[in-house]
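# Close look at the chain arrangement
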Amino acid sequence: IGMSVENGWLGKVASLFVGRQQGNGRAQVLLLIYVFCLCVFLNVDISLLRFISAELTRGYFLEHNEAKYTERRERVYTCLRIPKELEKLMFFGIFSCLDAFLYVFTLLPLRVFLAMFRFITLPCYGLRDRRLLQPAQVCDVLKGVILVICYFMMHYVDYSMMYHLIRGQSVIKLYIIYNMLEVADRLLSSFGQDILDALYWTATEPKERKRAHIGVIPHFFMAVLYVFAHAIFIMVQATTLNVAFNSHNKSLLTIMMSNNFVEIKGSVFKKFEKNNLFQMSNSDIKERFTNYVLLLIVCLRNMEQFSWNPDHLWVLFPDVCMVVASEIVVDIVKHAFITKFNDITADVYSEYRASLAFDLVSSRQKNAYTDYSDSVSRRMGFIPLPLAVLLIRVVTSSIKVQGVLAYVCVVLFYCGLMSLKVLNSIVLLGKSCQYVKEAKMEEKLFNPVLTATPGKPAGKQQSMFKSTQGISTDENGSTSVTSQPVHQKENTPSLLVTSNSDQFLTTPDGEEKDISQDSSELKHRSSKKDLLEIDRFTICGNRID
C-alpha cells in the first residue's frame, strides 16, 4: 500500500511538502502515509473539514455571565466620567486655594490694621475684657509680622545670581534638583502648618501668669525661619523652571514634563482606598495651583528681561500651555486607572467636593475654631505665606513704582484684587452651601465633634455644649454663617473642638484596655474614617500620597 501510494498522486504531493524525494525525507513521508492508511482502516475520524466547520459555527452567549460583563461596562462608563468629575473637583479646589491666597494680599492687611487700631485706641474705651486683642486678631497680627519680616529677609537673596548658578548645571543635575525640591516642598508643608498652629495656640491660649507669654518668642522665630526656608525652596524651584523655559533645545522642560508621567507608574499599580484617593486629590489640587503661581513668576521674570515686550509673551505661551496640558492629562489618566483598579465609583469625587465645601461653610459659623485659609492649609497642604512672600518679592523687583500715576495704578490694582477676592468668596460660599445640602451634611454643622474630658461621658459633655452654645442660633433656629465667634466665659468647662488629626489620635472614652487592643482598634477604625477627619498628611493605611 505504501509503495502504491508513493508512486501515486499522494506521494507526489508529499514530496512537494518535504521538498526532496531521496534520503531521510522520503522515509518520513512513507511513514506518515502508513500512519494515515492505518487510521483509515481503523475508522478514525480526523476530518479537517469538520474541524474547520466547528470552529466557524460554534457560538456562545454573553448573557450566561451577565454580572461580569455589566461590571466591565460600568468600569468603562466610570473611566469616561472621571475627567468631568475630577475637573469639577479640581475647579472647586483651585478656587478655594485662590481664595486663601488672595486673603493674604487683600483682607489680611486690613485685619492687621484694625487689630492695631484696636490695640492703640483701647485705653480710650476702657479695658472691658482681660484680652487686649481677640484670638483671631492675634493670629492676624502674627501672620502680618511674619510676612513683613520674611519679605525683608528675601531682599538678601540675589535672584539673578541664583539663576546663572542653576543655568550652569547639567540637565541631569537640574532634573535631580527639581525632584528633590518637590520632596522638600511636601516635607516642609507637612511640618510647617504644625509650626504655625503651635504658634497661634501658644499666643492665644489662656495664661494665668505673664511670664507664660515668653513661650511665644521661640515659636515665633521658628515660624519665621520656616516661612523663609520654604520661600527659598520655592524660589529655587521657580528658577529651575525658568531655566527650563529659556533653554534652547527645551530638553530640560521635556524631562521635567516626563516626570509627571513617571508619577502614573508609581500610583496606578498600588492599592488605594477612598481616603487615600482623597489625599491624592488634595495633593493634585495643591500641586496644580502651585504650578500656576510658578508659571506666573516665570512669565514675570521673562517679561522683565525683555522690557515687557508683549511679543515675547506669545513666545512663552506654547510652553505654558504644554506644561498645563501635561499636568491635566496626567491627573486624568492617573485617577481613571486608580478608580478602575480599585473599584471606586466616580461619585466619590462629589463626596470629596462636599467635604471641601463643608470646611468653607463651617469656617463661617459662630463656633468656628479656625480660619478658612488655615483649614485649606491643613486639608490640602497648601500654605499661602511662603508663596505670597516669594510673589511679593518677584513683583516688587520686576515692577518699579515711580511717580503719582504709578501709585494710583497700585491702588487700583489692589481694589481689583479686593473685588476678585470678594466675588470669589461669595460664589464659593454659595456653591459650598449647595454642595453641603446635596450631600445632606447640614447636621454636622450644628453637631460638632468634641473631645470628652476625663471623668465625664461624651453624652453629658455634648448636652453641656448645646446648652452653652444656645446663643449661636438665631430666633428662627438657623445658624448664621457671617457673624463673629462668641467668646465663652472662663468659668465654663473647656470644650475643645478637635481638629482632624486630633480626632484621629483621640482614644474613645470609657475604654480601659491594653495598648495592643487600642492600637488594633485604631487600625481598624482608620479604614472607616469619615472624609471630614482626613487631612493632607493623615496616615490612611500604609502610605501618604
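Structural data are supplied above this passage.
Residues numbered from 1 in each chain as written. Predicted model: local features only at pLDDT ≥ 70, side-chain atom pairs only at ≥ 80, totals over all residues. Heavy atoms only, no water.

Turning our attention to the overall build of the protein chain. For the protein chain, the helix and strand inventory stands at 21 helices and 0 strands. Expressed as a percentage of the 545 residues in the protein chain, the buried residues total 41%. Expressed as a percentage of contacts within the protein chain between residues at least 6 apart in sequence, the contacts between residues at least 24 apart total 83%. (Helix = DSSP H or I, 4+ residues; strand = E, 2+ residues; numbered from the N terminus. Buried < 20%, exposed > 50% of the residue type's maximum accessible area, 1.4 Å probe, protein only. Contact = heavy atoms within 4.5 Å.)

The next point concerns the side chain of S363. Along the polypeptide, S363 turns up in the loop between α14 (348-362) and α15 (372-380). Here S363 falls in the buried class, since its relative accessible area comes to 15%. A polar contact is formed between the side chain of S363 and the backbone oxygen of L360, at a distance of 2.7 Å. If sequence neighbours within four positions are ignored, S363 has contacts with A368, T370 and Y372. (Polar contact = N/O pair within 3.5 Å; in protein donor to acceptor, adjacent residues only side chain to side chain.)

Now for helix α8 (residues 159-167). Those residues of α8 not exposed but buried are Y159, M162, Y163 and I166. The buried residues of α8 occupy an angular sector of 100 degrees when the element is viewed end-on, so they sit on one face. Of the exposed residues in α8, the ones pointing more than 90 degrees away from its buried face are M161, H164 and L165. Where α8 begins, one side-chain oxygen reaches toward the backbone nitrogen of S160, 3.2 Å away; that side chain belongs to D158. (Arc of directions from axis to C-beta.)

On to the environment of A136. As for its position among the elements, A136 is in helix α7 (residues 135-154). Looking at A136, the relative accessible area reads 40%, which means it is partly exposed. Put simply, A136 and R111 are 25 residues apart on the chain and 9.4 Å apart in space, counted from C-alpha to C-alpha.

Spacing of three or four residues puts side chains on the same side of an α-helix, whose turn is 3.6 residues. A rise of 1.5 Å per residue sets the reference length of helix α12 (residues 274-305), with its 32 residues, at 46 Å; its end C-alpha atoms lie 47 Å apart and thus fit the reference within 8%. Of all 32 residues making up α12, 27 are buried, and the element is well covered by its neighbours. Phi turns positive one or two residues past the end of α12, at S307, with a value near 55 degrees. (Expected span 1.5 Å × (residues − 1).)

Quick look at empty space enclosed by the protein now. Per the counting criterion, the structure on display carries 3 cavities of 30 Å³ or more. In terms of lining, the largest cavity is formed by 13 residues, of which the most central are K143, S373, D374, P384 and L385. Residue assignment for the lining of the largest cavity shows that the elements contributing at least two residues are α5 (66-105), α9 (171-204), α15 and α16 (384-398). Lining the second largest cavity, in full, are D185, S189, H230, I234, K286, T290, G381, F382, I383 and L387. Its residues placed into classes, the lining of the second largest cavity shows 4 nonpolar, 4 polar and 2 charged. (1 Å grid on protein atoms, 1.4 Å probe; cavity = no way out; pocket = protein on both sides within 12 Å on 5 of 7 lines; lining within 4 Å. Points joined across faces, edges and corners; volume = space filled by probe spheres on them. Nonpolar A, V, L, I, M, F, W, Y, C, P; charged D, E, K, R; others polar.)

As a further point, take the packing of aromatic side chains. Summed over the entire model, instances satisfying the criterion amount to 13 aromatic pairs. A centroid spacing of 5.8 Å and a plane angle of 75 degrees characterise the contact between F101 and F289, whose relative ring orientation is edge-to-face. On the criterion of sequence distance, the pair formed by F101 in helix α5 and F289 in helix α12 is long-range, its members being 188 residues apart. Taking the relative accessible area as the measure of exposure, F101 reaches 6% and is therefore buried. Ring plane angle 70 degrees and centroid distance 6.0 Å describe the contact between F220 and F221, whose orientation is recorded as edge-to-face. Taking the relative accessible area as the measure of exposure, F220 reaches 16% and is therefore buried. The class for F221 is exposed, based on a relative accessible area of 54%. An aromatic cluster is built from F101, F105, F289 and F382, whose rings are joined through pairwise contacts. Over the face of the ring belonging to Y435 we find R353, whose NZ or CZ atom lies 4.4 Å from the ring centre. (Phe/Tyr/Trp six-rings, centres within 6.5 Å; stacked < 30°, edge-to-face > 60°. Lys NZ or Arg CZ within 6 Å of the ring centre and 35° of its normal.)

Turning to the layout of surface pockets, a few remarks are in order. In this structure, the second largest pocket spans a volume of roughly 1300 Å³. In terms of lining, the second largest pocket is formed by 33 residues, of which the most central are F105, I392, V395, F413 and L417. Taken together, the elements giving at least two residues each to the lining of the second largest pocket come down to α5, α6 (107-125), α7, α12, α16 and α17 (404-438). Among the elements that line the lining of the second largest pocket, the one with the most residues is α5, at 7 residues. For the lining of the second largest pocket, a count of residues per class yields 30 nonpolar, 2 polar and 1 charged.

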